[in-house]
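Structural overview
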Amino acid sequence: LSGSGSAPSVEASPFPDMAERVEELLQDSRAQTPSVDGTGSLGNGLLINRGSLQLKRGSGSGLLIVDGDFTVSESFKFSGMVIVLGDVTFEVGSVVSIRGSLVQGGDGRQLALRGKGRITSDSGVVGDIDAEFPGLLPHRAIVAGWQQEY
């Protein structure tokens, strides 16, 4: 690091390219396709859905990655992180409960939360995901040393 005055020489870390990370995570031996019949448990752990996911009812825990659009028409309960690369739609009449985090990737994507429910940010749950899948989430720069240049 080098610095000389008020302009910081350390920039904010952008959120990683999730499309690239999905490809990497697909190679993880823990990766599984959620059991999707549209009306039950998606499973637990590292759940990666290739393409769009439409649910009437669903539940699960861990890390759910949807490589497309995600739509819930009735109910969804999840503990962990939900990462959607496409549009997110919780339809009118739906009831959604996410304890952890919802991340939507890409600029210009639609986020339509028309139902009822709660998305509760839980740093403990997100920390568990971060520990389980190192490198997935960005981190603040930690300045371990500094030398002023003259």
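Please refer to the structure higher up on the page.
Cut-off values and rules
- Residues numbered from 1 in each chain as written.
- Predicted model: local features only at pLDDT ≥ 70, side-chain atom pairs only at ≥ 80, totals over all residues.
- Heavy atoms only, no water.
- Helix = DSSP H or I, 4+ residues; strand = E, 2+ residues; numbered from the N terminus.
- Buried < 20%, exposed > 50% of the residue type's maximum accessible area, 1.4 Å probe, protein only.
- Contact = heavy atoms within 4.5 Å.
- Phe/Tyr/Trp six-rings, centres within 6.5 Å; stacked < 30°, edge-to-face > 60°.
- Salt bridge = Lys/Arg side-chain N within 4 Å of Asp/Glu carboxyl O.

With that out of the way, let us pick up the overall build of the protein. Broken down by element type, the protein carries two helices and seven strands. Mapped from its N terminus to its C terminus, the protein presents α and β elements in the order α-β-β-β-β-β-β-β-α. The proportion of buried residues among the 150 residues of the protein is 37%. Expressed as a percentage of contacts within the protein between residues at least 6 apart in sequence, the contacts between residues at least 24 apart total 25%.

What follows deals with the environment of Gly-135. Relative to the helices and strands, Gly-135 is located in the segment after helix H2 (123-132). With relative accessibility at 52%, the residue Gly-135 sits in the exposed group. Distance in space between the C-alpha atoms of Gly-135 and Arg-21 is 9.0 Å, their sequence separation being 114 residues.

Right, let's talk about the packing of aromatic side chains for a bit. The geometry of two aromatic rings is summed up by the distance between their centres and the angle between their planes. This model, assessed by the stated rule, comprises three aromatic pairs. Ring geometry for Phe-70 versus Phe-90: centroids 6.2 Å apart, planes at 90°, classification edge-to-face. Here Phe-70, found in strand S3 (residues 70-84), pairs with Phe-90, found in strand S4 (residues 88-90); they are 20 residues apart in sequence, far enough to count as distant. By relative accessible area, which is 0% here, Phe-70 ends up buried. Ring centres of Phe-76 and Phe-78 lie 5.8 Å apart, and the angle between their planes is 10°; on these two criteria the pair is classed as stacked.

Taken as a whole and judged by the stated rule, the model has eight salt bridges. With a shortest N-O distance of 2.5 Å, Glu-74 and Arg-57 are connected by a salt bridge. Of this pair, Glu-74 sits in strand S3 while Arg-57 sits in strand S2 (residues 53-67); the two residues are 17 residues apart in sequence, bridging distant segments of the chain. Residue class for Arg-57 comes out partly exposed when judged on its relative accessible area of 35%. Note that Arg-109 and Asp-87 form a salt bridge whose closest N and O atoms lie 3.2 Å from each other. A residue pair is termed long-range when its members are at least 10 positions apart, and Arg-109 in the loop between strand S5 (95-104) and strand S6 (111-113) and Asp-87 in the loop between S3 and S4 qualify at 22 residues. Residue Arg-109 is classed as partly exposed on the basis of its relative accessible area of 38%.

Attention now goes to the side chain of Thr-89. Examined against the element boundaries, Thr-89 turns out to sit in strand S4. On the basis of relative accessible area, Thr-89 is assigned to the buried category, the value being 13%. When near neighbours in sequence (up to four residues on either side) are disregarded, Thr-89 contacts Phe-70, Thr-71, Val-72, Ala-112 and Arg-114.

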